[in-house]
Amino acid sequence: MTTVSTDAEGKTSGPSEGSGAPTVQVSRTVGAPLVHVWEVLVSPAGAQALLGQGAVLGGKGEPYHSSDGSSGVVRSYHPLEQLRVSWHVTPDGPPTIVELDLAADGDGTRLELTQGHLWHGVDADDLARRWSGGLDRLAELAESIA
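These lines cover the structure that appears in this document, whether it is placed above or below. All residue numbers refer to positions counted from 1 along the written sequence of the respective chain. pLDDT decides what is reported in this predicted model: residues at 70 or higher carry local features, side-chain atom pairs at 80 or more are listed and counted, and totals for whole chains, interfaces and linings draw on all residues regardless. No hydrogens and no water enter the side-chain calculation; it runs on all heavy atoms of the structure.

### Details of the packing of aromatic side chains
Piece 1. Two rings from Phe, Tyr or Trp (for Trp, the six-membered ring) form a pair when their centres sit within 6.5 Å of each other. Planes less than 30 degrees apart are called stacked, planes more than 60 degrees apart edge-to-face, and all others tilted. The full count for this structure, using the stated rule, is 2 aromatic pairs.
Piece 2. Geometrically, the ring pair formed by W38 and Y77 is edge-to-face, given 5.3 Å between the ring centres and 70° between the ring planes. Of the two residues, W38 is situated in helix α1 (residues 34–41) and Y77 in strand β4 (residues 71–78); the sequence distance between them amounts to 39 residues.
Piece 3. Centre to centre, the rings of W87 and W131 are 5.5 Å apart; their planes meet at 70°, and the pair counts as edge-to-face. Of this pair, W87 sits in strand β5 (residues 82–87) while W131 sits in helix α3 (residues 124–144), and the two are 44 residues apart along the sequence. Each member of the pair, W87 together with W131, is buried.
Piece 4. Of note, R130 hangs over the ring of W131, and the distance from its end group to the ring centre comes to 5.3 Å. Secondary structure counts use DSSP, requiring at least four H or I residues in a row for a helix and at least two E residues in a row for a strand, with both numbered from the N terminus. Exposed residues in this analysis have more than 50% of their type's maximum accessible area, buried residues have under 20%, and partly exposed residues fall in between, with area computed by a 1.4 Å probe over protein chains only. Criterion for a charge above a ring: Lys NZ or Arg CZ within 6 Å of the ring centre, and within 35 degrees of the ring normal.

### What to know about α3
Piece 1. One fewer than the residue count of a helix, multiplied by 1.5 Å, yields its expected span. Between its first and last C-alpha, α3 extends 30 Å over 21 residues, near the 30 Å set by a 1.5 Å rise per residue.
Piece 2. The complete set of buried residues in α3 reads A124, L127, A128, W131, S132, G133, G134, L135, L138, A139 and A142.
Piece 3. Under this definition, polar contacts are N or O atom pairs within 3.5 Å; protein pairs additionally need one hydrogen-donor-capable and one acceptor-capable atom, and for neighbouring residues in sequence, both atoms have to be side-chain atoms. The opening residue of α3 is D123, an N-cap whose side-chain oxygen sits 3.2 Å from the backbone nitrogen of D125.

### Re empty space enclosed by the protein
Piece 1. Cavity and pocket criteria rest on a 1 Å grid covering protein atoms alone: a 1.4 Å probe that fits but cannot get out defines a cavity, protein on both sides within 12 Å along at least 5 of 7 lines defines an open pocket, and an atom within 4 Å of a point defines a lining residue. Grid points are joined across faces, edges and corners, and a volume is the space filled by probe spheres set on the points. Applying the stated rule across the entire model yields 1 cavity of 30 Å³ or more.
Piece 2. If you add up the space inside the largest cavity, you get close to 40 Å³.
Piece 3. Lining the largest cavity are L50, L51, L83, V85, V98, L100 and L113.
Piece 4. At the level of secondary structure, the elements contributing two or more residues to the lining of the largest cavity comprise α2 (44–51), β5 and β6 (96–105).
Piece 5. Of the residues belonging to the lining of the largest cavity, the class tally is 7 nonpolar, no polar and no charged. Throughout this entry, Asp, Glu, Lys and Arg are counted as charged residues, while Ala, Val, Leu, Ile, Met, Phe, Trp, Tyr, Cys and Pro are counted as nonpolar. The remaining residues, Gly among them, count as polar.

### Some points on the nonpolar core
Piece 1. By nonpolar core we mean a set of buried residues, namely Ala, Val, Leu, Ile, Met, Phe, Trp, Tyr and Cys, connected to one another through side-chain atoms within 4.5 Å. By size, the foremost hydrophobic cluster in this structure holds 34 residues, and its most contacted members are L100 and W131.
Piece 2. A per-element tally of this core places α3 first, with 8 residues.
Piece 3. We call two residues contacting when some pair of their heavy atoms lies within 4.5 Å. With residues near it in sequence (within four places) discarded, W131 still touches V24, V26, L50, L51, W87, V98, L113 and Q115.

### Looking at the pattern of salt bridges
Piece 1. For salt bridges, the criterion is a side-chain nitrogen of Lys or Arg within 4 Å of an Asp or Glu carboxyl oxygen. Applying the stated criterion across every chain, the model contains 5 salt bridges.
Piece 2. Close ionic contact of R130 with D68 constitutes a salt bridge, the shortest N to O distance being 3.1 Å. Of this pair, R130 sits in helix α3 while D68 sits in the loop between β3 (63–65) and β4, and the two are 62 residues apart along the sequence.
Piece 3. A relative accessible area of 24% means that R130 is categorised as partly exposed.
Piece 4. Looking at D68, the relative accessible area reads 45%, which means it is partly exposed.

Printed below as a string of structure tokens:
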């Protein structure tokens with residue numbers, strides 16, 4: 001089952017809380033066990049499925065770069081639970097935080113992606129489509145090699 005929700009009006013987190021800055025939220029249920037989904041996520045193919053062609057995840061504090069110009073740094077790496085990265089749409093673009101939380105959901109895995117610290121005037125619907133597509137690709141990859 002796939003559910004996509006975007007909250008570009010109210011919820012914020014961190015220093016921007018209360019500022020009215022938009023937050024994007026996208027979620028998926030993947031038909032594969034949590035351990036497998038995590039292994040796929042942190043593989044080169046999984047990182048590219050989520051973050052874009054060319055992205056390779058390293059350890060905490062290590063940068064990644066996608067061929068579309070987006071880039072960032074791994075901020076938090078909690079195996080089987082959470083991956084958090086900074087994300088810049090372009091090298092000079094404002095930094096945002098993308099957090100992907102994973103949880104077992106029956107025989108599958110629930111993925112909850114939140115992008116916060118967004119700049120005012122951002123097209124939150126466009127970002128929601130980007131991350132929705134990334135979760136679709138990640139889910140398809142995990143389910144195809146489960």
